[in-house]
Amino acid sequence: MVTRRWAAAGLLVIALGAGVAPAPAGPVEDKLIPLERYATPKARALASAHRLQLLKYSEYVYGCLPWLDVQKQSIGFQRPKFAEGDDRYFSTWIVVDQKDDPQFAAIPQPRRMSAMFSRFGMDLLRRMATLHEVVADANVEGFSVVTSWLKPGSLAPGAQPVNESIAVFMDKKTALDYLERRITAAELTTKVRSLAFDGQKDLGVIPLEIWDDFFMATFKVPNYEPPPGVTC
Amino acid sequence: MRCRLIGSALVFSIAMIVSGCASSEEWAEWRSHSSHFASGQHATFSLRNREGSAPRVARSDIDVARSENWWGKAITVSPDQIFQN
């Protein structure tokens with residue numbers, strides 16, 4: 001399983017390194033945070049320096065993980081709300097396409113948050129960690145992935161649906177220690193910072209758990225063909 | 001009498017715990033789920049592919065299916081609640 005996971009990461013490295021043909025500018029480029037949205041010179045410098053890498057990463061996610069919808073203007077170098085200084089985290093915000101599933105609905109909300117982050121957020125983080133130039137940049141403090149999905153049971157007729165979201169931040173050392181198996185998932189859980197939301201309601205600290213989940217390494221959309229030039 | 005009260009309390013507690021949690025079967029079912037794609041989207045793909053030809057799903061098909069199955073803008077946390085620029 002671990003080998004399969006790293007094989008997937010390896011394919012991403014190959015895809016990024018091979019100089020994949022540019023995909024349609026819209027759905028790939030509009031996922032990046034535009035330069036003018038950054039408020040500090042440090043953030044703008046990071047975004048300029050790594051723009052090409054971020055574009056290729058965005059293209060890879062768009063082409064190879066079509067069951068995820070990346071939020072517009074979400075890939076970039078974000079500063080968490082709780083940061084006192086200008087700490088910049090390499091970030092992605094995904095919305096997971098998911099049907100309203102009774103089994104999933106029966107799981108308590110904190111467990112749903114843990115499950116969705118373990119399944120989708122951790123996989124994204126693993127792929128983000130393969131962007132070596134970004135990771136090696138001393139001005140990148142760590143990684144953050146926001147994962148959102150439709151709250152079970154919120155599709156009632158006449159009511160506005162609600163998304164649940166979990167935002168997880170981890171510093172580079174912690175992330176790499178976990179990905180390279182120097183620390184366990186249980187240790188990782190104690191070192192990350194998370195923010196959980198039910199719609200726009202801040203749920204405060206939830207008992208987040210992280211575990212290995214290999215769904216993303218094996219799931220394929222039947223008969224799917226990636227866009228021309230994209231290697232998955 | 002006292003034993004009966006303690007017994008009832010125990011049964012009630014177990015019932016509360018079980019009702020508040022997913023059963024292990026439900027949890028196992030979700031964990032083993034091979035597809036979380038909305039089933040309607042698969043139907044859309046099927047309609048677009050002609051019978052007899054090898055079915056193909058392009059990224060643009062998924063974008064179209066996603067917009068067709070869109071159930072309205074969901075209430076979602078604002079980026080400002082998580083990040084500062």
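Reading the values: rules and limits
Residues numbered from 1 in each chain as written. Chains lettered and ligands numbered in written order. Predicted model: local features only at pLDDT ≥ 70, side-chain atom pairs only at ≥ 80, totals over all residues. Heavy atoms only, no water. Helix = DSSP H or I, 4+ residues; strand = E, 2+ residues; numbered from the N terminus. Buried < 20%, exposed > 50% of the residue type's maximum accessible area, 1.4 Å probe, protein only. Areas by Shrake-Rupley, 256 points an atom, 1.4 Å probe, with all protein chains shown as cover. Salt bridge = Lys/Arg side-chain N within 4 Å of Asp/Glu carboxyl O. Lys, Arg positive; Asp, Glu negative; His and termini not counted. Contact = heavy atoms within 4.5 Å. Pairing = 2+ DSSP bridges. pLDDT = per-residue confidence, 0-100. Phe/Tyr/Trp six-rings, centres within 6.5 Å; stacked < 30°, edge-to-face > 60°. Disulfide = S-S within 2.5 Å.

Draft legend 1. Summary view of the overall build of chain B. Along chain B, the regular secondary structure elements total four helices and two strands. Counted from the first residue to the last, chain B has its helices and strands arranged as α-α-α-β-α-β. The buried share of chain B, taken over its 85 residues, is 28%. Carbon together with sulfur atoms contributes 62% to the accessible area of chain B, which is approximately 5800 Å² in total.

Draft legend 2. Representation of the pattern of salt bridges. All names here are of chain A. Enumeration over the complete set of coordinates arrives at 14 salt bridges over all chains. The closest approach of N and O atoms between arginine 79 and aspartate 86, which form a salt bridge, is 3.7 Å. The same class applies to arginine 79 as to aspartate 86, namely buried. Between arginine 88 and aspartate 86 there is a salt bridge, and its shortest N-O distance comes to 2.7 Å. Side by side, arginine 88 and aspartate 86 carry an identical accessibility label, which is buried.

Draft legend 3. Seen up close, the side chain of aspartate 137 of chain A. All names here are of chain A. Structurally, aspartate 137 can be placed in the loop between helix 7 (132-136) and strand 4 (140-150). Of the side chains with opposite charge, lysine 172 lies nearest to the buried aspartate 137, which makes no salt bridge, at 6.3 Å. The residues touching aspartate 137, leaving out its near neighbours within four places in the chain, are Leu46, His50 and Lys172.

Draft legend 4. Spotlight on the environment of glutamine 78 of chain A. Residue position: glutamine 78 of chain A is located in strand 2 (residues 76-80). Classification of glutamine 78 of chain A by relative accessible area gives buried; the value is 4%. In this structure, the C-alpha to C-alpha distance between glutamine 78 of chain A and valine 140 of chain A, residues 62 residues apart in sequence, is 9.7 Å. Residues in contact with glutamine 78 of chain A, not counting those within four places in the same chain, are Ile33, Arg37, Asp87, Arg88, Tyr89 and Ser91 of chain A together with Phe83 of chain B.

Draft legend 5. Layout of the pairing of strand 6 (residues 193-198) of chain A. Residues and elements named next belong to chain A. Here strand 6 lies mainly inside the structure; five of its six residues are buried. Summarising the sheet, strand 5 (residues 163-171) and strand 6 pair through six bridges and their orientation is antiparallel. The residue bridging valine 168 from the neighbouring strand is serine 194, located in strand 6. Between strand 6 and strand 7 (residues 201-202), which pair antiparallel in sequence order, lie two residues; one of them, glycine 199, sits at a positive phi of approximately 65°.

Draft legend 6. Spatial organisation of the environment of aspartate 100 of chain A. Residues and elements named next belong to chain A. For aspartate 100, the position within the fold is in the loop between strand 3 (88-96) and helix 5 (102-105). C-alpha of aspartate 100 to C-alpha of lysine 151: the two residues are 51 residues apart in sequence and 8.0 Å apart in space. When neighbours within four sequence positions are excluded, aspartate 100 is seen to be in contact with Pro152, Gly153, Ser154 and Leu155.

Draft legend 7. View of unusual backbone geometry. Residue and element names in this part refer to chain A. Phi angles above zero are rare outside glycine, and arginine 181 is one such case at about 65°. On the secondary structure map, arginine 181 appears in the loop between helix 8 (172-179) and helix 9 (185-191). For arginine 181, a relative accessible area of 39% gives the class partly exposed. Non-glycine residue asparagine 223 carries a positive phi angle of around 65°. On the secondary structure map, asparagine 223 appears in the loop between helix 10 (215-218) and strand 8 (224-225).

Draft legend 8. Examining the confidence of the model for chain B more closely. Residues and elements named next belong to chain B. When pLDDT is averaged across chain B, the result is 62; 32% of the residues are at 70 or more. Within chain B, the element-level pLDDT minimum falls on helix 3 (residues 39-48), averaging 41, and the maximum on strand 2 (residues 83-84), averaging 96. Low pLDDT (under 50) marks residues 34-47, which in the prediction has 36 contacts with non-local residues, meaning those over four places away or in another chain. This prediction of the complex comes with two scores: 0.79 for pTM and 0.86 for ipTM.

Draft legend 9. Broad picture of the packing of aromatic side chains. Residues and elements named next belong to chain A. Within the structure shown, the criterion is met by nine aromatic pairs over all chains. Taking 4.8 Å as the distance between ring centres and 85° as the angle between the ring planes, the aromatic pair formed by tryptophan 67 and phenylalanine 219 counts as edge-to-face. One end of the pair, tryptophan 67, is in the loop between helix 4 (51-64) and strand 1 (68-70); the other, phenylalanine 219, is in the loop between helix 10 and strand 8, and 152 residues separate them in sequence. With respect to burial, tryptophan 67 and phenylalanine 219 carry one shared label: buried. Measuring from centroid to centroid gives 5.5 Å for tyrosine 89 and phenylalanine 169, while their planes differ by 85°, and the two rings are edge-to-face. Note that tyrosine 89 is positioned in strand 3 and phenylalanine 169 in strand 5, a separation of 80 residues in sequence. Judged by its relative accessible area of 2%, phenylalanine 169 is buried.

Draft legend 10. The state of the cysteines, seen in detail. Residues and elements named next belong to chain A. Under the definition given, this model contains one disulfide over all chains. Disulfide pairing is shown between cysteine 64 and cysteine 232; the S-S distance is 2.0 Å. With the S-S dihedral at roughly -90°, the linkage between cysteine 64 and cysteine 232 falls on the left-handed side. Here cysteine 64, found in helix 4, pairs with cysteine 232, found in the segment after strand 8; they are 168 residues apart in sequence, far enough to count as distant.

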